[in-house]
Amino acid sequence: MKIVLYSHDWAPTVGGVQTITMYLARGLAEAACEVTVVTETPAGGMDDAALPFRVTRRPGWLQLLRQIREADVIHLAGPAFLPLLTGWLAGKPTVVEHHGYYAACPNALLLYHPTQSVCPGYFLARDYGKCVQCNAANEGFWKSLRMLVKTFPRRWLARRATRHVSPSNHAGRRIVLPRTQTIYHGVAFEPATAATTPHASGPLPFAFVGRFVPEKGVPVLLRAARRLADEGRACGLKIIGGGPERERLEALSRELGLAAQVVFTGYLEGQELRAALQGTAATVMPSLCEEVGGLVAIEQMAEGRLLIASDLGGLAEYVGDAGLKFAPGDAAALADCMRQVLDQPELVRKIGAAARDRAVHLFEQRRMVEEHLKLFRELLPPRHAEEARVHP
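For the structure given in this document, a descriptive report is provided here. Please read these numbers as outputs of a predicted model, since none were measured by experiment.

Relative to the helices and strands, Val213 resides in the loop between strand 10 (206-211) and helix 7 (218-230). The class of Val213 is buried, set by a relative accessible area of 13%. Expressed as a C-alpha distance, the spacing of Val213 and Gly242, which sit 29 residues apart in the sequence, is 8.7 Å. Those residues within four positions of Val213 in sequence are excluded, and the remaining contacts are Pro244 and Glu245.

This is how it looks when you write it as structure tokens:
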């Protein structure tokens, strides 16, 4: 089976979409599919020849058309306009996987910026004035208007895709597109050797792992830590990641009198990330927006780490009952969860083990790849589908 997997942003750029599409491309290649990843991201210092699939970077339209016409199935990481249009015109089975809410919201977050609150769905409700008002707060009026206008053809084309994949049931309900099915994200890990969260002898520190952008809600975590400090329950914070909000977050930690107990590590991955998380009580995910899923959540659960997460969107669905949840944006409620862990440190191991079990059951790479393969085969003509079963 020949598969074109298009991801506008891809490796070596770091992010959830890039990581999941890499896992998917590797898994499909291991299943003997002929995979070509197409992206607008330049290679930088990355050696594409070392990958088990082909990579085409920054193709012209004719090159993109040729690759789409030669493929059996087109898989898009998001409703990218040109690949959607090309696949539709070429009559190729096209699957759109929604890593954000691009087909239902001009800012793709379903976050109403003026109040930093969850958007009730103004675009789909045709309340376009609210959409312009929302994004004008950050982007200015004219750019906000352009964002709104672009959403119309994007959604029109998305409705004509052959199938849609949602990483969570929640996201599927929010994008409101026909022919949508849920396939949870999956990562590569060995359940038998997954680490359990260590038990620290002193006060347990907490960690945040992710991008420093407003929708991730890091200020909520800082304010929750301030509440605990006011009770005499000072706890350490490791803020791991990078992004445009770093200076503002560092300034807020100083303003709250937390500079001595908050460490900003910068972006970490692999063994460096695992080492930084050793001895932490929990990873806190205080998102303000409805994430479609949550790659960080999966990775932390796979390693048996306790999660404290906003009770919101696909993130809450992924965590399920294998973590602690709090109302999004509520620093007092988050402080209550953190206090619960400080008072009952045995929860670190108990809930961490439940999180690992849930990850083994729901978020394994092989399951994700198999469900995509099943979907792709369903879209092929009968003769090609039979050949794909014998020679994927």
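We are not done yet, so read on.
This paragraph deals with a nonpolar patch on the surface. A surface patch of nonpolar side chains, about 410 Å² in accessible area, is lined by Trp61, Leu62, Phe81 and Leu82. Listed by contribution, the elements that provide at least two residues to the nonpolar patch are helix 2 (61-70) and helix 3 (81-90). Note on placement: Trp61 falls in helix 2. Under the relative-accessibility criterion, Trp61 is labelled partly exposed at 40%.

Attention now goes to the nonpolar core. Counting residues in hydrophobic clusters, the biggest one holds 56 residues, and the most contacted among them are Met1, Trp10, Leu28, Val37, Phe53, Phe363 and Phe376. Here this core takes seven residues from helix 1 (residues 16-30), the largest share from any one element. In this view, Trp10 contacts Gln18, Thr21, Met22, Val37, Thr39, Thr41, Met46, Leu51, Phe53, Val55 and Arg57; residues no more than four positions away in its chain are not counted. Within the second largest apolar cluster, 41 residues are counted, among which are Ile239, Leu256, Ile308 and Val341.

Now for the pairing of strand 4 (residues 73-77). A large share of strand 4 lies buried, amounting to five of its five residues. The two faces of strand 4 match: Val73, His75 and Ala77 on one face and Ile74 and Leu76 on the other face are all buried. Here strand 1 (residues 2-6) pairs with strand 4 via four bridges, running parallel. Within strand 4, the residue paired with Val4 across the bridge is Ile74. Following the chain from strand 4 across helix 3 to the adjacent parallel strand 5 (residues 94-97), one finds a crossover that is right-handed.

Time to look at the sheet that holds strand 11 (residues 237-242). Spatially, 12-11-10-13-14-15 is the arrangement adopted by the six strands of the open sheet, whose pairing is parallel. Strands with a single pairing partner mark the edges of an open sheet, and in this sheet they are strand 12 (262-266) and strand 15 (324-326). Ignoring which end each strand starts from, the neighbouring axes of this sheet average 25° apart. In terms of strand pairing, strand 13 (residues 282-285) meets strand 14 (residues 307-310) through three bridges, oriented parallel. From the neighbouring strand, Thr283 faces strand 14, where its bridge partner is Leu307.

Thresholds applied
Residues numbered from 1 in each chain as written. Predicted model: local features only at pLDDT ≥ 70, side-chain atom pairs only at ≥ 80, totals over all residues. Heavy atoms only, no water. Helix = DSSP H or I, 4+ residues; strand = E, 2+ residues; numbered from the N terminus. Buried < 20%, exposed > 50% of the residue type's maximum accessible area, 1.4 Å probe, protein only. Contact = heavy atoms within 4.5 Å. Patch = residues over 30% accessible without salt bridge, like charges linked within 9 Å, V, L, I, M, F, W, Y side chains within 5 Å. Areas by Shrake-Rupley, 256 points an atom, 1.4 Å probe, with all protein chains shown as cover. Salt bridge = Lys/Arg side-chain N within 4 Å of Asp/Glu carboxyl O. Core = buried A, V, L, I, M, F, W, Y, C linked by side-chain atoms within 4.5 Å. Pairing = 2+ DSSP bridges. Right-handed = clockwise from strand over helix to strand, strands pointing away. Axes fitted to C-alpha atoms, helices over the stretch in contact; angles between N-to-C directions.

Structural measurements only, silent on function.
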